[in-house]
Amino acid sequence: MAAADELAWVVQRPARRRRTASHRQRARVDSLPGLRGRHLMDASGFYRVFSAATYRIYLGTTPPVEGSAPYDTDNALPAYIDGSELASDAYYVSVSYYNGIIDSGFLPLGPSGATYLRIDLLDAEDIGNPPLGPHEWRLEARSGGVVRIHGVYLEPGTNRAEQWAVAYTTDGSNPATDTPTIYPAVSATGMSVLAYDLPAQAHGTTVKVRLQTRRNDGTVGVPSWRYSESSTVLTIVTDATGPAAPPAGGRGLA
Amino acid sequence: MGPGEHGDALRITASSVESLPHHITGAITGVAVLASAARNGTGVGTIQSYVGGVDGGGVSLAWTAPGSATEGVPVLCPSDGVYLLQDGADAEKWLRVQVYIDSLIPGQGGSIRLYGQYNNAIGSDDVDSTEASAGDVETWTVGVSNASSVGVSNVVAWVDSDTDGIAICLDGSSWVSPTSEGAGLAIGNIAAGATTTLHLQRTIASSSAADGSIETLLHFSWEGI
């Protein structure tokens, strides 16, 4: 029985009809003026409308940043960009997939999981990429004021480097790019580990090092070096008084 | 105030399960938030515990809805159970909480973050690119359940004026899209514990643009305790 009907029944019932406890309870609660009132409720839910997914193509002279404006969009790959529209330079290309709401983020297109490919254009022609830079590297202060450069390089294929390219300074300035003074050979296997000791310096000398790789795209007689992208510069202060650090963090010392 | 009273009397259900309007995060020790009124909107509200009754027993809880400047009247929670906390400026902005009295400590304050719920019984499913391109009409039903201990009367439903493409009806064919209570769909009376079926229809126009956040918002009014 609906509430309004119950109330009407309570009001209109014959006086002699016996009320049950249940009816008395309902009459008390449901019919008292002031207890019943007007109430409000909302019902809410959300949904999305997706559009057909497209590829967002990013292109610039620096590695693209997620969330920046795409250079172009295409419904399918491969997509083409007219090279004659671009000046001679190094370009970086990234791609994401976008359905109008959710962006995939950049796909790992390049070597070592890089989210971009590099294209080097000269008069609208692709002249190939320079070698990759060091995969990982660091400096170690050795005894006697020696600084050791540790580096790992990995790049199979024809793009691989032929030499490491080491530039360093001892006057506090940053070494210039593409002007090495030391160039150890890179293994022909495409993987190379560098452990190179710089000449000993006086105690407390600030040594700054830039480590790149390079490949000769010319001839032996007339070399034309292509350098890897510029690395960061690492800085270390030489130690000519202390002993050499124990290997492997001191393991084996009693 | 207890659950199923005032604005908590009517609940939207799907297959007899309550459809909640919010994804809720945050709580204070000894309190689990079970549900919140859609009228709270989205955003951050606060829940505050106080020393309980005049005899110092129990703990009281108060709710301040997102955007509200008025804390609700503290509700005494003498024992484990479900309680309804109402905002001080709008009593229909409530929070239904489960209290575990042994863990409830007076003097706690905490933020309750209310996020819009996607793809619940009101929001329905997402619209894929094919449907968005060609256009789409979808119909479904929800239950309007009376969770109170007495009957409610003069139940009226209408569509928020900012909600596009939504129609409602009681018979699955007489679709209307009223945007005011006065012109609203009269559902009538719902006995205690009973459920009335409400039909919903969503129309997506062809060539609809992508949108990551579209809200379907319905309003209800009724008389009850």
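Report follows, based on the coordinates. Predicted, not measured: the structure shown is a model, and the values here were computed from it.

Digging into the environment of N216 of chain A
Residues and elements named next belong to chain A.
Working step 1: Positionally, N216 belongs in strand β11 (residues 206-216).
Working step 2: In the structure, N216 is positioned 28 residues away from A188 in sequence and 14 Å away in space, judged by C-alpha atoms.
Working step 3: Not counting chain neighbours up to four residues away, the residues in contact with N216 comprise E162, P223, S224 and W225.
Working step 4: Among the polar contacts made by the side chain of N216, one reaches the main-chain amide nitrogen of G218 at a distance of 2.8 Å.
Working step 5: At 3.0 Å, the side chain of N216 and the backbone oxygen of T219 are in polar contact.

Topic: unusual backbone geometry
Working step 1: The linkage connecting L77 of chain A with the following residue, P78 of chain A, adopts the cis geometry, with an omega of 5°.
Working step 2: With respect to the secondary-structure elements, P78 of chain A resides in the loop between β3 (72-74) and β4 (89-98).
Working step 3: One non-glycine residue, A124 of chain A, lies in the positive phi region at around 70°.
Working step 4: The backbone phi angle of S124 of chain B is positive, close to 60°, even though this residue is not glycine.
Working step 5: You can see S124 of chain B is positioned in the loop between β10 (109-116) and α1 (129-134).
Working step 6: Looking at S124 of chain B, the relative accessible area reads 10%, which means it is buried.

Some thoughts on a nonpolar patch on the surface
Working step 1: On the surface, a nonpolar cluster with roughly 210 Å² of combined accessible area is contributed by L107, L109 and L117 of chain A.
Working step 2: Its place among the elements puts L109 of chain A in the loop between β4 and β5 (117-122).

Some thoughts on empty space enclosed by the protein
Working step 1: One pass over the full model with this rule turns up two cavities of 30 Å³ or more.
Working step 2: The volume enclosed by the largest cavity comes to roughly 170 Å³.
Working step 3: Taken together, 23 residues line the largest cavity, and the ones lying closest to its centre are M41 and D42 of chain A together with P21, S36 and A38 of chain B.
Working step 4: In terms of residue count, strand β1 (residues 37-49) of chain A provides more of the lining of the largest cavity than any other element does, five residues in total.

Let's talk about the interface of chain A and chain B
Working step 1: Every contact between the two is made by 26 residues of chain A and, on the other side, 50 residues of chain B.
Working step 2: Taken together, both faces of the contact between chain A and chain B bury some 3400 Å²; the carbon and sulfur share is 57%.
Working step 3: The largest contributions to the chain A side of the interface with chain B come from M41, F46 and Y47 of chain A, which together make up 27% of the buried area.
Working step 4: Inspection of the chain A/chain B interface yields two salt bridges.

Thoughts on the packing of aromatic side chains
Residue and element names in this part refer to chain A.
Working step 1: Tallying each qualifying case throughout the model produces five aromatic pairs over all chains.
Working step 2: Seen in terms of ring centroids, Y153 and W164 are 6.2 Å apart; in terms of plane orientation they differ by 70°. Their pairing is edge-to-face. Placement of Y153 in strand β8 (residues 147-154) and of W164 in strand β9 (residues 163-169) is noted, with a sequence separation of eleven residues between them. An identical accessibility class is assigned to Y153 and W164; each is buried.

Each value, and the rule that gives it
- Residues numbered from 1 in each chain as written.
- Chains lettered and ligands numbered in written order.
- Predicted model: local features only at pLDDT ≥ 70, side-chain atom pairs only at ≥ 80, totals over all residues.
- Heavy atoms only, no water.
- Helix = DSSP H or I, 4+ residues; strand = E, 2+ residues; numbered from the N terminus.
- Contact = heavy atoms within 4.5 Å.
- Polar contact = N/O pair within 3.5 Å; in protein donor to acceptor, adjacent residues only side chain to side chain.
- Buried < 20%, exposed > 50% of the residue type's maximum accessible area, 1.4 Å probe, protein only.
- Patch = residues over 30% accessible without salt bridge, like charges linked within 9 Å, V, L, I, M, F, W, Y side chains within 5 Å.
- Areas by Shrake-Rupley, 256 points an atom, 1.4 Å probe, with all protein chains shown as cover.
- Salt bridge = Lys/Arg side-chain N within 4 Å of Asp/Glu carboxyl O.
- 1 Å grid on protein atoms, 1.4 Å probe; cavity = no way out; pocket = protein on both sides within 12 Å on 5 of 7 lines; lining within 4 Å.
- Points joined across faces, edges and corners; volume = space filled by probe spheres on them.
- Buried area = accessible area lost by both parts, 1.4 Å probe.
- Phe/Tyr/Trp six-rings, centres within 6.5 Å; stacked < 30°, edge-to-face > 60°.

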